[in-house]
Amino acid sequence: MLDYNTKGELVDLNTCISNQLYEKFILQAEHGNDWGNRQDIIKFLEKYRTAYLTRDIQTVDMMFAEEAIIIIGRKLETKKLPENMVTYQPFGRQPGYDYIRMTKQDYLTRQRRIFETMQDIFLDFSTFNIVRKNSQPSIYGVEMRQTYQSTGYGDEGYLFLLIDFNPDTLANDPLIYVRAWQPNAWSNEEMIRTGDFLVHK
């Protein structure tokens, strides 16, 4: 996706969303009169994705608020039991993941270790949904599917980011206040979404 300014000059290149999603965001912005904000979010997500692809821990650090809430999912590996052992079957469609809540510093320490040890890292997004908090015009939730692949590990799940930016102060970069990852949508009621958060500023 190519971005042009009002003079028709190329100013940016974004690859984290498809052309179809880009057109969808333009239509949504017509109702909320917030196309400028949505463009900033798209560019922010491109920067976010690039930071992980290039292992840029300094940029990742700057993109998160100091008091950010970070929830990661860890795939539970099933041990192979000896023959004649008792087995069990979980009820319903329970995902085989454990969830860990981390501080920003704990998350950066973990992410730095991943960047240093993984030879290959691939990150891609799909099925974007950008939701503005009605009570706070500078707060947006971004709900999307994420595909992640690295050396020896891969998953696909649901990534939620709660992003705050001040459109009146160009020097202020957007900040992530909540980052939550969950496995594929096994239960719509369990998904973390923008409406789950009350924002007080």
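Scroll up to find the structure this text is about.
Please read these numbers as outputs of a predicted model, since none were measured by experiment. (Residues numbered from 1 in each chain as written. Predicted model: local features only at pLDDT ≥ 70, side-chain atom pairs only at ≥ 80, totals over all residues. Heavy atoms only, no water.)

Student: Quick question: what am I supposed to make of unusual backbone geometry here?
Tutor: Peptide bonds are mostly trans, and most non-glycine residues show a negative phi. With phi around 60°, R55 is a residue other than glycine that occupies positive phi space. Of note, R55 is situated in the loop between α2 (35-53) and α3 (57-63). (Helix = DSSP H or I, 4+ residues; strand = E, 2+ residues; numbered from the N terminus.)

Student: When you look at the pattern of salt bridges in this model, what are you seeing that I'm missing?
Tutor: Note on pairing: side chains with opposite charge can pair once their charged atoms come close. Considering all chains together, one arrives at 4 salt bridges under this definition. Here K104 and D61 are joined by a salt bridge, their closest N and O atoms 2.8 Å apart. With K104 in helix α4 (residues 104-117) and D61 in helix α3, the pair connects residues that are 43 residues apart, well separated along the chain. Classification of K104 as buried rests on a relative accessible area of 3%. (Salt bridge = Lys/Arg side-chain N within 4 Å of Asp/Glu carboxyl O. Buried < 20%, exposed > 50% of the residue type's maximum accessible area, 1.4 Å probe, protein only.)

Student: Explanation requested: α4 in the structure shown.
Tutor: An α-helical segment advances 3.6 residues per turn. Residues three or four places apart therefore align on the same side. With 14 residues, α4 should cover 20 Å at 1.5 Å per step; its first-to-last C-alpha distance of 20 Å lies within 8% of that length. Those residues of α4 that sit buried are K104, Y107, L108, Q111, I114 and F115. The arc that holds the buried residues of α4, viewed along the axis, is 125°, so those residues lie on one side. Facing away from the buried side of α4 by more than 90 degrees, the exposed set consists of E116 and T117. (Expected span 1.5 Å × (residues − 1). Arc of directions from axis to C-beta.)

Student: Explanation requested: the side chain of S138 in the structure shown.
Tutor: Relative to the helices and strands, S138 is located in the loop between β5 (121-132) and β6 (139-150). Of note is the side chain of S138, whose polar atom sits 3.0 Å from the side chain of D164. (Polar contact = N/O pair within 3.5 Å; in protein donor to acceptor, adjacent residues only side chain to side chain.)

Student: Mind showing me how you'd approach α2 here?
Tutor: Given a rise of 1.5 Å per residue, 19 residues ought to cover 27 Å, and the 27 Å separating the end C-alpha atoms of α2 matches this to within 8%. All of the buried residues in α2 are N37, R38, I41, I42, F44, L45, E46, Y48, R49, A51 and Y52.

Student: I would appreciate a short explanation of the environment of A65 in the present structure.
Tutor: Position of A65 among the secondary structure elements: in strand β3 (residues 64-75). Among the residues examined, A65 registers a relative accessible area of 3% and is labelled buried. Between the alpha carbons of A65 and V178 there is a distance of 8.7 Å; along the sequence they are 113 residues apart. Not counting residues up to four positions away in its chain, the partners in contact with A65 are K104, L175, I176 and Y177. (Contact = heavy atoms within 4.5 Å.)

Student: Explain the packing of aromatic side chains to me, please; I cannot follow it from the model alone.
Tutor: Given two aromatic rings, one states the distance between the centres and the angle between the planes to describe the pair. For the structure on display, the rule yields 6 aromatic pairs. With a centroid separation of 4.8 Å and an interplanar angle of 45°, the aromatic rings of Y48 and Y52 are classed as tilted. On the criterion of helical spacing, the pair formed by Y48 and Y52 is a turn pair, its members being 4 residues apart in helix α2. The two residues Y48 and Y52 agree in class, both being buried. For the ring pair Y48 and F125, a centre distance of 6.3 Å and an interplane angle of 35° mean the geometry is tilted. Residue Y48 is located in helix α2, and its partner F125 is located in strand β5; the two are separated by 77 residues in the primary sequence. A relative accessible area of 1% means that Y48 is categorised as buried. Three or more aromatic residues joined by ring pairs form one cluster here, namely Y48, Y52, F115, F125 and F128. (Phe/Tyr/Trp six-rings, centres within 6.5 Å; stacked < 30°, edge-to-face > 60°.)

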